[in-house]
Every structure is written in C-alpha cells, then in structure tokens.
Amino acid sequence: MFERRIPEWIRHAPAPSVRGFAMLAGCEAVARGILISVYPVAIYDALKDAALISSIYFCIGVVSLIVGLLVPFLNRFVPRRWMYGVGAFGFVVSAGLAMTGRPEMIVASLVLNSLATVTTFVCFNAYVLDYIARVELGKCETLRMFYSALGWTLGPVLGVVLWTVWQPAPFVVSAVAAALMLAVFLYMRLGNGKLITRARRAPPNPLSFLGRFFEQPRLIAGWLFAVIRSCGWWAYVVYLPIFAVENGLGEQLGGILLSLTNAALFLSPMMLRWMQAGSIRRSVRTGFMACGMLFALAGFVAGLPLATIALLFCGSFFLILLDICAGLPFLMAVKPSERTEMSAIYSSFRDVSGIATPGIAWLILLAAPISGIFVAAGAASFVAWGIAGRLHPRLGEARLKPAGPLLPAETAEPEAAW
C-alpha cells in the first residue's frame, strides 16, 4: 500500500533519453556561450598585456590537456556522477571568482572554467556511449546541437552587452545556467554509467590506454577529424576578425558573423535528414571538401577582403555540418569496456587544436600574411577528406538496404574499409 503512493519517477529513475542529453548540452551552451566573448575582454581589462594573455591561454591549454587525460584515472577512485557534478559546480565557482573583478581571480576563473569544461565533456561522452544506441548517435548529436543553438547564438553578443552594463552580470547568468545544468543531471539520475566487466585488469597508470588508442585506426581517424575541424573553427573565430580589422572592415564584423554562423545550428535537424539519406562517410567527406575549397580560395583572394570574408562565412556552415557528423566515426568505434578512457582521448582535441593552431599560425605569419592561415586550414581539411575516404560506406546505417545479390567486390569491402 505504501509503495503505491510513491511516484513512479521516484521509485524508478527515468530512462536516459536523447532529449535529456540535449537539455544538458543546452544548459552548458548557455553557461559557456555567454562568457566566450567576455573572458578576453575581462582579462585584457585586468592585465593590459596581450603577450601575457597569450601565454596564459597557452598554459591553460596544456593544463586542460593533462587533466582531460587524467580523468579516466581519477574515475577509478571517484564515481563518474561525482566527477560530473564537481565539473558542473566548477562552472558556478568559476563565475563567482570572476565576479570579484580582481585580476588574479579572473585568471583563476578562466582556469577553473577550462577544467570544468574538459571534465564534464569526458563524462558526458561516456554517458552518451553508455545509454544511446549506436544508430541513435547521429540523432543525439543533432538534437544536442539544436538545443545548444540558442546559447551559442545569443550568448557571445549578450555577454558583451551585459558586461558593458554591469560587469558581474554575464557571470551571474553563467552561474544560474550551470546550476540548472547540475539540476538536470541530478534529475536524470545517470549514476556511474553502465557497469562493464573487463576481461583484463585495468591499466595501472592513466596513460596506459594510449597504446590501445594507437592500435585502432578508426579511433585515430575520428580523433583527427575532431582536431582538424576544431582548427578550422580557430581560424574562423580568431583570425577572421583580425583579418577584418587589418583590412578596415571594422572590429565588430567578426562577432556579428560568429553569431550569424551559430544561428545555423537551428538548421541541424535538416542536416541530419540529409545525412541519413546518404551515409556518414559522404557527410564527412562533403564537409571537409567544401571547407577545404572555401578556406583555401579565401586565402588566395585575400586581395579582395569582402570576397575572403564571404568565402570564410560560407565555409563556416560546413564546419557546423562537421560538428554534427565528424565525431560519429570515433564514437561508433569505441569499445564498451573503453568508454571512459577513449572519451578522455576524444576530449583532448580541444586542447590539441588550441595549442597547435596558434603555434602553426605563428610560424606562417613569419613568412606570409594572415591569409596564409586560411590556406593552411583548407589544406588540413583536404587531408581529412582523404582520410575519410577509408571510412566504411554504410557506417551508421540502422540496417542494410536490399540491393540484390552481393558482388564479389562488395563481399570483400568490409575487410578493406575501416
């Protein structure tokens, strides 16, 4: 009699769904998106030294990379639900530190925000691999992007506006969004993920699983897709505004174009339907080929600044397509017993691209104008297009399409392709 009075959602945890994970991503997008344009302004206002700021960002990238690789090791001692909770609460604490306005607290806030991002990202991907079927991963990524669209579209503009009105305001909004993100996570009751029994004893140190990663070409390819895609975003978000200022197009153009690009996230359901009509391989190759052509052409026509800006803007839409589909080859190749470890490997693409892109750009600028960075980004996209040609043509399909009797070449295809 007593049990009948207990609500069903309390007695039994709701089954994690694609929509639930999308809501988590949406809250995180608001918490991070509103600060993406505020942190550079706040740190420069506090330190007044561009060189010092560059060194701080470089050090933060290195620390984030190390912490991301250590998350699986820490997960052996700290339950995953606690790690995700600490990461989400880290966003709240980070915002609180920045509200003080003191230079050292703003730097500490940026460090903590970066560590919270990498921690929640690793745990989030591990949860997705636990609860979302492989054939649903495309839908999950698309809905995640759709729910994140509002935060990444309005956040950069709204954050700067609020900063000019009252400096703590964007950090207050970020803290509230992070608290809501933590509340959604607690409501979903994801626990520590599904229990997978290993056939062998766990590796004794946090870097032992790197060997398993390098033994699997599909994982290497998927990780390279993520790194090259992220480098493309670096070229667009960081170096397009610099190019615009150098050519007298105004300081606000870069921010306006970024908001317009992020608005295309609302088109992600249409991109999913197009992707489902073909294959993941076709989608990934189309995205990288289009990005390569548009970015490289933008660099070659740098004498016409408006044409360069237009080509880069068009290329950014294909970066969004890659945000939806380019991570799927990695996620679909991960073995159940290696979910947490490989999620940490995958999350390192942010920090690797954040370290590699400024370094490569610095070398390019020693001998070429800033347009050379766009050409380099296009060349990297062509490399990813070539690698994607080895993906299996039916990767991600729910079932085989009836196409008559198999030909000898078709029967041998799964062994030849990744």
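This text gives an overview of the structure that appears in the document. (Residues numbered from 1 in each chain as written. Predicted model: local features only at pLDDT ≥ 70, side-chain atom pairs only at ≥ 80, totals over all residues. Heavy atoms only, no water.)

1. As for the side chain of S381
The condition is simple: Each helix corresponds to a stretch of at least 4 residues labelled H or I by DSSP, and each strand to a stretch of at least 2 residues labelled E; elements are numbered beginning at the N terminus. Throughout this description, buried means an accessible area under 20% of the type-specific maximum (1.4 Å probe, protein chains only), exposed means over 50%, and partly exposed covers the range between. Every residue pair with non-hydrogen atoms within 4.5 Å of one another is taken to be in contact.
Among the structural elements, S381 can be located in helix α17 (residues 371-388). You can call S381 buried: its relative accessible area is 8%. Sequence-distant contacts of S381, defined by excluding residues within four places in its chain, comprise I228, F288, C291 and G292.

2. Digging into the pattern of salt bridges
What counts here: For this analysis, a salt bridge means a side-chain nitrogen from Lys or Arg found within 4 Å of a carboxyl oxygen belonging to Asp or Glu.
All chains considered together, the criterion is met by three salt bridges. With a shortest N-O distance of 3.5 Å, R32 and E28 are connected by a salt bridge. Here E28 and R32 lie together in helix α2 (residues 18-33), a separation of four residues that amounts to about one turn. Residue classification places R32 among the buried residues on the basis of a relative accessible area of 18%. Put simply, R229 and D323 hold a salt bridge, and the shortest N to O gap is 3.1 Å. Here R229 is found in helix α10 (residues 217-246), whereas its partner D323 is found in helix α14 (residues 305-325), with 94 residues between them in sequence. On the basis of relative accessibility, which here comes to 7%, the residue R229 falls in the buried class. On the accessibility criterion, D323 (15% relative accessible area) is buried.

3. Looking at the nonpolar core
Basically, it comes down to this: Only buried residues count toward a nonpolar core, which is a set of Ala, Val, Leu, Ile, Met, Phe, Trp, Tyr and Cys residues joined through side-chain atoms within 4.5 Å.
Counting residues in hydrophobic clusters, the biggest one holds 51 residues, and the most contacted among them are F225 and Y236. Excluding its chain neighbours within four sequence positions, the residues that come into contact with F225 are V284, F288, A326, P329, A384, I387, A388 and L391. Counting 29 residues, the second largest nonpolar core, distinct from the first, contains A22, V122, I132 and L143.

4. Focus: empty space enclosed by the protein
Basically, it comes down to this: Each cavity reported here is a set of points on a 1 Å grid over the protein atoms alone in which a 1.4 Å probe fits but cannot get out, each pocket an open set with protein on both sides within 12 Å along at least five of seven lines, and each lining residue one with an atom within 4 Å of a point. Grid points are joined across faces, edges and corners, and a volume is the space filled by probe spheres set on the points.
A complete count under the given rule lists two cavities of 30 Å³ or more for this structure. The space that makes up the largest cavity amounts to roughly 50 Å³. What lines the largest cavity is simply I228, R229, G232, F288, C291, F295, L319, L322, A377 and S381. Broken down by secondary-structure element, the contributors of at least two residues to the lining of the largest cavity are α10, α13 (280-300), α14 and α17.

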